[in-house]
Amino acid sequence: MDIEEKQADLIDHFVNQASALQGSALGPLVAEATSHPYLFAFSEILTVPSVLQVEGTTNSVYLDVLRLFAHGTWSDYKRISGHLPQLVPEQILKLKQLTVLTLAETNKVLPYDQLMKELDVTNVRELEDFLINECMYAGIVRGKLDQLRRCFEVQFAAGRDLRPGQLGSMIQTLSNWLATSDNLLLSIQEKIKWADSMSDLDKKHRKEVEDRVEEVKKSLSLKKLQTVSRPTLTSEGMRRSTLNLVE
C-alpha cells in the first residue's frame, strides 16, 4: 500500500473520529493525528464542523495546531510556540518532514545550509540521515544527495495541503502552463508544415537535377554516335585523292 492509499484510510478514520467529538475531547485526537507516521494531510480534518466550532474558544489551540501541520513549518512553530502546546518528539519529526515538503514546492535543488537552518540540524551527517531515513524511506520525497555540491536534488515530493488563497494561484499557474503548451504545440505544427514543404521542394529539385542529368547523358550519347558513324578516309583513299588533285 503506497502513501496515498494509507493517507486516504487514515483521513477517513480521523474525520469520522473528529465528527463524534466536541471541545476539549478533540485534544487527544489532534495529538494522535499530528503524530501519526503516515499522515501528512490535515485539510479534511480542518473542515469537520466540530473542529471549526472551537474557533474563538478556549479550545481553539487544537485548531491552531492542525493549521500549523496543514500549512506551517518548523520555523513557524518556533515563532509561535508560546501560544501552542509543547510538541512531542513524533510531532517535531512530522513537522520537520513537512518543512522539507514545503521547501521542495518551490525549489528542486535544496542547499544543505538552507536545510540545516530550517530543520535545526547541526551537521551534514545528521541532515543526510534525516533525509534518507525520515523522508526518502517514508516515501514522501525521492532525490539525490550531492555531497560535493552540498545539496539535495529533489526528484519527487508529496504535496501538502493547499494554503488559504493558494488555489487561485495554482489555477493561474496551470492556466499559464496550458497556454504555453498550446503555443508550443502550434509552433511544432508550423515547423512540421515547414519541414514538409521543404521536403517537397527538395524532391522537386532532385527531380529537376535528375532530368537534367538524363538530358546531358542523351546529348553526350548522340554526339558519340554521330562521331562514330561519320565516314573516314583510309590511307589508300587519301593517296588517290592526292593524285587526283595533282593531275
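Starting from 1, residues in each chain are numbered consecutively following that chain's sequence as written. Restriction of local features to residues with pLDDT of at least 70 applies here, the model being predicted, together with a cutoff of 80 or more for giving and counting side-chain atom pairs; totals for whole chains, interfaces and linings are based on all residues. Remark: hydrogens and water are excluded; side-chain values derive from all non-hydrogen atoms of the structure.

The protein chain goes by PCI domain-containing protein in an unreviewed UniProt entry, where it is assigned to Carya illinoinensis. Check the Sequence similarities (unreviewed entry) section of the UniProt entry for the protein chain; it says "Belongs to the CSN7/EIF3M family. CSN7 subfamily." UniProt positions are given in the numbering used here, feature names are shortened, and annotations may be inferred rather than shown by experiment.

Draft legend 1. Expanded view of the overall build of the protein chain. Broken down by element type, the protein chain carries 11 helices and 3 strands. Residues classed as buried in the protein chain amount to 30% of the 247 residues present. Contact definition: two residues touch when any of their heavy atoms are within 4.5 Å. For the protein chain, contacts bridging at least 24 residues in sequence account for 58% of all contacts bridging at least 6. Using the Shrake-Rupley algorithm and a 1.4 Å probe, accessible areas are obtained, with residue cover drawn only from the displayed protein chains. Carbon and sulfur atoms make up 57% of the accessible area of the protein chain, which amounts to about 16400 Å² in all. Strands are runs of DSSP state E lasting at least two residues, helices are runs of H or I lasting at least four, and both sets are numbered from the N terminus onward. Type-normalised accessible area, obtained with a 1.4 Å probe on protein chains alone, sets the label of each residue: buried when under 20%, exposed when over 50%, and partly exposed for intermediate values.

Draft legend 2. Examining a nonpolar patch on the surface more closely. A cluster of nonpolar side chains, namely Leu184, Ile188 and Ile192, defines an oily patch on the protein surface of about 270 Å² accessible area. Relative to the assigned elements, Leu184 resides in helix 10 (residues 166–229). Note that patches include only residues with greater than 30% relative accessible area and no salt bridge, and the join distances are 9 Å for like charges and 5 Å for nonpolar side chains (Val, Leu, Ile, Met, Phe, Trp, Tyr). Any carboxyl oxygen of Asp or Glu within 4 Å of a side-chain nitrogen of Lys or Arg constitutes a salt bridge here.

Draft legend 3. Inspection of the sheet that holds strand 3 (residues 151–157) at higher detail. Taken in spatial order, the 3 strands of this open sheet run 1-3-2, and their pairing is antiparallel. Bordering the open sheet on either side are strand 1 (109–111) and strand 2 (141–146), each of which pairs with just one other strand. This sheet shows a mean twist of 25 degrees between the axes of neighbouring strands, independent of strand direction. As defined by bridge partners, strand 1 adjoins strand 3 across 3 bridges and the pair is classed as antiparallel. From the neighbouring strand, Val109 faces strand 3, where its bridge partner is Glu153. This element, helix 8 (residues 112–119), spans strand 1, strand 2 and strand 3 of the sheet and lies at about 70 degrees to strand 1. To obtain each axis, a line is fitted to C-alpha atoms, and for helices this fit is confined to the stretch in contact; angles are then taken between N-to-C directions over 0 to 180 degrees. Contacting strand 2 and strand 3, helix 9 (residues 124–136) crosses the sheet at an angle of about 160 degrees to strand 2. We call two strands paired when DSSP finds no fewer than two bridges between them.

Draft legend 4. Structural detail: the pairing of strand 2. Across 6 bridges, strand 2 lies against strand 3 in antiparallel orientation. Bridge pairing links Lys144 to Glu153 in strand 3.

Draft legend 5. Quick peek at unusual backbone geometry. Even without a glycine there, the phi angle at Asp120 is positive, about 60 degrees. Examined against the element boundaries, Asp120 turns out to sit in the loop between helix 8 and helix 9. Even without being glycine, Arg150 reaches a positive phi, approximately 55 degrees. Relative to the elements of secondary structure, Arg150 occurs in the loop between strand 2 and strand 3. You can call Arg150 partly exposed: its relative accessible area is 35%.

Draft legend 6. Region of interest: a negative patch on the surface. Counted as positive: Lys and Arg. Counted as negative: Asp and Glu, with His and the chain ends omitted from the count. Just so you know, the charge point we use is NZ for Lys, CZ for Arg, CG for Asp and CD for Glu. A cluster of acidic residues, Glu4, Glu5, Asp9, Asp12 and Glu44, forms a negative patch at the surface. Top element by residues in the negative patch is helix 1 (residues 3–19). It accounts for 4 residues. One can find Asp12 in helix 1.

Draft legend 7. Looking closely at the environment of Lys108. Position of Lys108 relative to the elements: it lies in the loop between helix 7 (89–106) and strand 1. Judged by its relative accessible area of 44%, Lys108 falls in the partly exposed class. Spatially, the C-alpha atoms of Lys108 and Phe156 are 8.6 Å apart, while their sequence positions differ by 48 residues. Ignoring any residue separated from it by four or fewer positions in sequence, one finds Lys108 in contact with Phe152, Glu153 and Val154.

Draft legend 8. Expanded view of helix 9. Looking only at helix 9, the buried set comprises Leu127, Glu128, Phe130, Leu131 and Cys135. Looking at the packing, one finds that the buried side of helix 9 touches helix 7, helix 8, strand 2 and strand 3. Polar contacts, as counted here, are pairs of nitrogen or oxygen atoms within 3.5 Å of one another; within protein the pair requires one atom able to donate a hydrogen and one able to accept it, and residues that are adjacent in sequence qualify only if both atoms are side-chain atoms. Among the residues of helix 9, the N-terminal cap falls to Asn123, whose side-chain oxygen and the backbone nitrogen of Arg125 are separated by 3.2 Å.

Draft legend 9. Region of interest: the pattern of salt bridges. The full count for this structure, using the stated rule, is 10 salt bridges. Residues Arg67 and Glu55 are paired through a salt bridge, measuring 2.7 Å at the closest nitrogen-oxygen approach. Here Arg67, found in helix 5 (residues 60–71), pairs with Glu55, found in the loop between helix 4 (49–52) and helix 5; they are 12 residues apart in sequence, far enough to count as distant. Judged by its relative accessible area of 34%, Arg67 is partly exposed. Look at Glu55 and you get partly exposed, because its relative accessible area is 43%.

Draft legend 10. Summary view of helix 8. Those residues of helix 8 not exposed but buried are Tyr112, Leu115, Met116, Glu118 and Leu119. Looking at the buried side of helix 8, the elements it contacts are helix 6 (74–80), helix 7, strand 1, helix 9, strand 2 and strand 3. Backbone geometry just after helix 8 places Asp120 at a positive phi near 60 degrees.

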